[in-house]
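Each chain, written out:
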Amino acid sequence: MISVADALTFSLLTGIFVGISAGYLGSLMVLEKMALVGDALSHVALPGLALGILYNFNPFLGAFAFLFVSAVIIWHLGRVTKLSYETLVAALFTLALAIGILIIPEPDLLEALFGNINNVSLLDTTIAVIISVTTMILVKTIYSKIVLGMISEELATSTGVNVARTNLLYLLLVSLVVAIGIKIVGTLLVGFLVVVPAAAAKNVSSNLLRYSVLSSVFGAVSSASGVLLSSFLNQPKAGPFVVLSGISIFLTVVIIKWASKF
Amino acid sequence: MESHNDYILKISNLSVKLPNETILDNISFELKKGTTLAIVGPNGAGKTTLFRAFLNLVPYSGKIEWDNKVKIGYVPQRLSVSDIPISVREFLTFKSTSDLENSLSSVGLDNSILNKSLGVLSGGQLQRVLIAWAIIDKPNVLLFDEPTAGVDLDSEEAIYKMLNDLRKKNEITILLISHDVHIIINYSDYMLALNKCMTFFGESKEIMKPELQSVIYGEPVCVEHHR
């Protein structure tokens, strides 16, 4: 049994690391106009979580397996059909959400959808920290390649970048970060952490360094303040509070930008 | 006397075909080192596809033979930079972390532009930055797909003149796609007119001869290159 103080510490640490990595990866997703992909992809995890709960294995593994397979399917269909990622994810997401809600035991449904900070263990936190740091290091190595591919696929290819392989690696890393974020924020809201901090940062950035750093900071602050708020109000479902914090940051940035024009 | 080593590029019977469409048909020509080749033709003539074949980005039949020591710098036609918060310095650093200032001064830009966002540059400035990008790792061949697209008429000539100066100074070979036959004629040594097949290849001045006006204005007639 985890004490309340330990659970808060673990949740806070997990939240901060997930927030930083989700913000960092999300900065690319927003640029690639794949914001909805980040959001919808998270829902694909629900059937995986359900299987983990039903068959008594770590739900994180189930969630990651479903996210991983979905990312590969979306990547492959995108290459074969030339349909946008958004179209493909939208189709897959509704199917996964429907299946997930049908098979997940009802008492666990709310926790899977909105997270639970009282259930974060030391192992969860360790996994989250290791995965966050690893994904950020890996994304840093492909960040410029992805941005170059967005500017022009031909330009990237002509300088030796394998755009398709880089995109696949990126989607897999997003799957990992989404999977670890589910514990804190839940499947329904984890996509928010990928999208909104980056959207806020983009408003006030004229270069990539500032943009990616701000996006990571906004992600961390949204997560941490959401977890603290949820603990303070004795509401273990942190997801909605993380969303509230993130939206507050987004609105503050928009207002500051708007006010600076006068 | 011409030797085998005078040529940087030899194209023989190059064709690019889709299942139901021929994009390029039986193109053959040779290009000498240190010259400028202008590639002209109407929309859909296969100009960009020719570049893509040069860069191995599309499957093709026939032969594309570059000189052994070739190093290519490429600038495509369409870039999406308006929505990406990226500075000129960051963009150039993607390719090389040194010689940023030298590359910029070669294209007539000073260091103050390094911290500007790519999205706020004028059409002329952006084209110059792209040329700086192409030359930053010291290539000996430059491929430009419409280097003056989105640039006003005055800047257009300035860009062609600058490319010409770069070619002379650095002894590079330039291949560029252009719609402006009348301007590019003054800044290129050779001209290749395409309309899926090759309708003209020769010295640029020749294309203005009355008997060759049909290449630009009339019905295209495919020609074969004779060595």
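For clarity, every value in this text was computed on a predicted model and none was experimentally measured.

Chemist: Residue-level account of the overall build of chain B, with values.
Modeler: Scanning chain B for helices and strands turns up 7 helices and 9 strands. Relative to the globule expectation of 17 Å for 227 residues, the C-alpha radius of gyration of chain B, 18 Å, shows essentially globular dimensions. With respect to the three principal axes, the spread of C-alpha positions in chain B is 50 × 40 × 35 Å. Counting the 227 residues in chain B, one finds 38% classified as buried.

Chemist: Lay out the overall build of chain A in plain terms, naming residues and giving numbers.
Modeler: Scanning chain A from terminus to terminus reveals 12 helices and 0 strands. Each helix and strand of chain A, ordered N terminal to C terminal, gives the series α-α-α-α-α-α-α-α-α-α-α-α. Against the compact-globule benchmark of 18 Å for 262 residues, chain A has a radius of gyration of 18 Å, which places it among compact chains. Across the 262 residues of chain A, 53% fall into the buried class. Restricting the contact set of chain A to residue pairs at least 6 apart, pairs at least 24 apart contribute 77%.

Chemist: Go over the interface of chain A and chain B with me, naming the residues and quoting the values.
Modeler: Counting from both sides, the interface comprises 18 residues of chain A and, opposite them, 16 residues of chain B. Those elements that provide at least two residues to the side of chain A that touches chain B are α7 (122–151), α8 (153–158) and α11 (208–232) of chain A. Considering every element that reaches the side of chain A that touches chain B, the biggest residue donor is α7(A), with 5 residues. A class-by-class count of the residues in the side of chain A that touches chain B yields 8 nonpolar, 8 polar and 2 charged.

Chemist: Could you give me a rundown of helix α10 (residues 190–203) of chain A, with the residues and numbers involved?
Modeler: Counted residue by residue, α10(A) has 11 buried out of 14 residues, so it is predominantly covered. A:Val190, A:Gly191, A:Phe192, A:Leu193, A:Val194, A:Val195, A:Val196, A:Pro197, A:Ala198, A:Ala200 and A:Ala201 are the residues of α10(A) that are buried.

Chemist: Can you break down the sheet that holds strand β9 (residues 197–203) of chain B residue by residue, with the values?
Modeler: All names here are of chain B. Strand order in this open sheet of 6 strands is β5-β6-β7-β3-β8-β9, and the pairing throughout is mixed. One side of each edge strand has no neighbouring strand; the edge strands of this open sheet are β5 (72–75) and β9. When strand polarity is set aside, the average angle formed by the axes of neighbouring strands in this sheet is 15°. Taken together, the 6 bridges between strand β8 (residues 190–195) and β9 define a ladder with antiparallel strand orientation. Bridge pairing in β9 places Leu192 opposite Phe201. Docked against the sheet, helix α4 (residues 123–135) engages β5 and β6 (141–145), running at close to 160° with respect to β5.

Chemist: Please provide a residue-by-residue account of unusual backbone geometry, values included.
Modeler: All names here are of chain B. Phi is positive for Glu171, which is not a glycine, with a value near 50°. For Glu171, the location among the structural elements is in the loop between α5 (153–170) and β7 (173–177). Its 10 C-beta neighbours within 10 Å are what place Glu171 among the exposed residues. Non-glycine residue Lys196 carries a positive phi angle of around 75°. With respect to the element layout, Lys196 can be found in the loop between β8 and β9. We classify Lys196 as buried; it has 22 C-beta atoms within 10 Å.

Chemist: Can you explain the domain arrangement of chain B? Please cite residues and give values.
Modeler: Residues and elements named next belong to chain B. The assigned domain composition of chain B is domain 1 (1–71 + 140–227) and domain 2 (77–139). Placing the centre of domain 1 and that of domain 2 at their C-alpha centroids yields a distance of 25 Å. Each side of the interface is counted separately: domain 1 has 17 residues, and domain 2 has 11 residues. When contributions to the side of domain 1 that touches domain 2 are tallied by element, the ones reaching two or more residues are β6 and α5. Here the side of domain 1 that touches domain 2 takes 4 residues from α5, the largest share from any one element.

Chemist: Let's hear about the nonpolar core: which residues, and what values?
Modeler: In globular proteins that are soluble, nonpolar side chains generally tend to be buried together. Ranked by internal contacts, the top residues of the largest apolar core, which has 143 residues, are A:Leu25, A:Ala45, A:Leu67, A:Val174, A:Val178, A:Ala179 and B:Ile39. With 13 residues, helix α1 (residues 4–31) of chain A is the largest single contributor of residues to this core. When residues of this core are assigned to domains, at least three fall in each of domain 1 (1–71 + 140–227) and domain 2 (77–139) of chain B. The residues contacting A:Ala45, other than those within four sequence positions of it, are A:Ala63, A:Phe66, A:Leu67, A:Val178, A:Ala179, A:Ile182 and A:Thr187.

Conventions adopted
- Position numbers for residues start from 1 in each chain and track the written sequence from start to end.
- Labels are handed out in written order, letters beginning with A for the chains and numbers beginning with 1 for the ligands.
- With the structure being a predicted model, the display of local features is reserved for residues of pLDDT at least 70 and the display and counting of side-chain atom pairs for 80 or more, all residues being used for whole-chain, interface and lining totals.
- Helix numbering and strand numbering both begin at the N terminus, where a helix is a DSSP run of H or I of at least 4 residues and a strand a DSSP run of E of at least 2.
- Radius of gyration means the value over C-alpha atoms here, while the globule rule gives 2.2 Å times the residue count to the 0.38 power.
- Three classes are used. A residue is buried when 20 or more other C-beta atoms lie within 10 Å of its own, exposed when 12 or fewer do, and partly exposed in between, with C-beta atoms placed from the backbone.
- Two residues qualify as a contact pair if the distance between their C-beta atoms, derived from the backbone, is within 7 Å.
- Note on residue categories: nonpolar means Ala, Val, Leu, Ile, Met, Phe, Trp, Tyr, Cys or Pro, charged means Asp, Glu, Lys or Arg, and polar means any other residue, Gly included.
- Two strands qualify as a pair provided that DSSP identifies no fewer than 2 bridges between them.
- Axis definition: a line fit to C-alpha positions, over the contact stretch in the case of helices; interaxial angles, taken between N-to-C directions, run 0 to 180 degrees.
- Domain segmentation is taken from an automatic or database assignment of domains.
- Note on terminology: a nonpolar core is a set of buried residues of type Ala, Val, Leu, Ile, Met, Phe, Trp, Tyr or Cys, with members joined through C-beta atoms within 7 Å.

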